[in-house]
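# Descriptive analysis of the structure
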Amino acid sequence: MPAPICRTVDLGTVDYRQAWDFQVELSQTVHDDKAPNTLLLLEHPHVYTQGRLSQQEHMLLNKNQLAKRGIDLVETDRGGQITYHGPGQLVAYPVVNLRNWGGPLRYVRTLEQIIIQSLSSFGIVGESVEGLTGVWVGDRKISAIGVKISRGVAHHGFSINVNNDLSYFDHIVPCGITDRRVTSMQQILGDVIDASAVRYSVAYHFGQGMGFTMVEKPETSL
């Protein structure tokens, strides 16, 4: 039996709420077999997002301070706690049918391995940490994961710090973890990273990890 098709769509920079709405709509069409599995690759303008397990005290700025800095704050329905998205960070939203693939734990562990393999393409050694979700380089987090699975279809996904400004993480307790900091590919390698190469690596290893045949769709907009 041939491997299921998964299309890759590069959306450029998209507002968080707009991307979320699109994922919900796409999840319905994937569930109804009216659209193939889809890997959305994009960046967001500056935004903090709070998952279902978020605690208010982990947001260190008040509403006025957020407004002054031009940063949005969104409560989402994904798993996990608070994190940051912004320019220079790769965000991947797989909208995929898992009904015949496997359960949530297998999916999250597979995403971790996909990220680890993607980083290895650039000579970065990432690893998973028992009891924590995401990918780490040493004691610093380079990738956050937060997903939702509804009626067997997953959306939301993961982010990888590529060339983004890490100072925005100083205003939150990232993922509720107080004793570990964050890092980026740029910080580790000491140079600006080719973002298109990172997107290609993620799409390739996503197909390998999930058992999908990846098909690139021309760049589009929501």
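What counts and how
- Residues numbered from 1 in each chain as written.
- Predicted model: local features only at pLDDT ≥ 70, side-chain atom pairs only at ≥ 80, totals over all residues.
- Heavy atoms only, no water.
- Helix = DSSP H or I, 4+ residues; strand = E, 2+ residues; numbered from the N terminus.
- Expected span 1.5 Å × (residues − 1).
- Polar contact = N/O pair within 3.5 Å; in protein donor to acceptor, adjacent residues only side chain to side chain.
- Buried < 20%, exposed > 50% of the residue type's maximum accessible area, 1.4 Å probe, protein only.
- Pairing = 2+ DSSP bridges.
- Axes fitted to C-alpha atoms, helices over the stretch in contact; angles between N-to-C directions.
- Contact = heavy atoms within 4.5 Å.
- Parallel < 35°, antiparallel > 145°, perpendicular 65-115°, else oblique.
- Left-handed = near helix turned anticlockwise from the far one by under 90°.
- Nonpolar A, V, L, I, M, F, W, Y, C, P; charged D, E, K, R; others polar.
- Core = buried A, V, L, I, M, F, W, Y, C linked by side-chain atoms within 4.5 Å.
- Phe/Tyr/Trp six-rings, centres within 6.5 Å; stacked < 30°, edge-to-face > 60°.
- Lys NZ or Arg CZ within 6 Å of the ring centre and 35° of its normal.

### A look at helix H1 (residues 16-31)
Helix length check: H1, at 16 residues, gives a terminal C-alpha distance of 22 Å against a target of 22 Å (1.5 Å per residue), a fit within 8%. Structurally, the start of H1 carries an N-cap: the backbone nitrogen of Arg17 is 3.0 Å from a side-chain oxygen of Asp15. Phi for Asp33, located one or two positions after H1, is positive at around 60 degrees.

### So, the pairing of strand S2 (residues 37-43)
Burial runs high along S2: six of the seven residues are buried. Taken together, the seven bridges between strand S1 (residues 5-13) and S2 define a ladder with parallel strand orientation. Looking at S2, one finds that Gly12 is bridged to Leu42. Pairing geometry for S2 and strand S6 (residues 89-97), over five bridges, is antiparallel. The residue of S6 that forms the bridge with Leu41 is Ala92.

### Some points on the sheet that holds strand S5 (residues 82-85)
The sheet built from three strands is open, its strands ordered S4-S3-S5 with mixed pairing. Looking at the sheet topology across the chains shown, the edges are occupied by strand S4 (72-75) and S5. With direction set aside, neighbouring strand axes in the sheet form an average angle of 25 degrees. Of the pairings in the sheet, the one linking strand S3 (residues 47-50) to S5 comprises four bridges and is antiparallel in character. Looking across to S5, one finds that Val47 is bridged to His85. Of the strands in this sheet, S3, S4 and S5 touch H1, which is tilted by about 30 degrees from S4.

### Structural notes on the packing of helix H3 (residues 104-120) against helix H5 (residues 195-210)
Axis separation between H3 and H5 bottoms out at 9 Å; the angle between their running directions is 140 degrees. Looking at the two axes, H3 sits oblique to H5. Here H3 runs over H5; the crossing is right-handed. Touching Tyr107, Thr110, Leu111, Ile114, Gln117 and Ser118 of H3 are Ser201, Val202, His205, Phe206, Gly209 and Met210, all from H5. Of the residues that constitute the contact of H3 with H5, the class distribution is six nonpolar, six polar and no charged.

### A word on the nonpolar core
In terms of nonpolar packing, the biggest core is built from 33 residues, with Tyr107, Met185, Phe206 and Met210 touching the most fellow members. Elements that contribute at least two residues to this core include exactly S2, S6, H3, strand S7 (135-137), strand S8 (140-150), strand S9 (153-161) and H5. For this core, the element with the highest residue contribution is H3, accounting for seven residues. In contact with Met210, other than residues within four places in its own chain, are Val96, Leu98, Trp101, Tyr107, Thr110 and Ile114. Residues Val9, Tyr16, Tyr93 and Val153 belong to the second largest nonpolar core, which totals 17 residues.

### Quick notes on the packing of aromatic side chains
According to the stated counting rule, one finds six aromatic pairs in the structure shown. Pairing Trp101 with Tyr107 gives two aromatic rings, centres 6.2 Å apart and planes at 90 degrees, and the pair type is edge-to-face. Of the residues examined, Tyr107 reaches a relative accessible area of 0% and is grouped as buried. By way of ring pairs, the aromatic residues Tyr48, Tyr84, Tyr168 and Phe169 are connected into one cluster. Over the ring of Trp101 we find Arg106, and its NZ or CZ is 3.9 Å from the ring centre.

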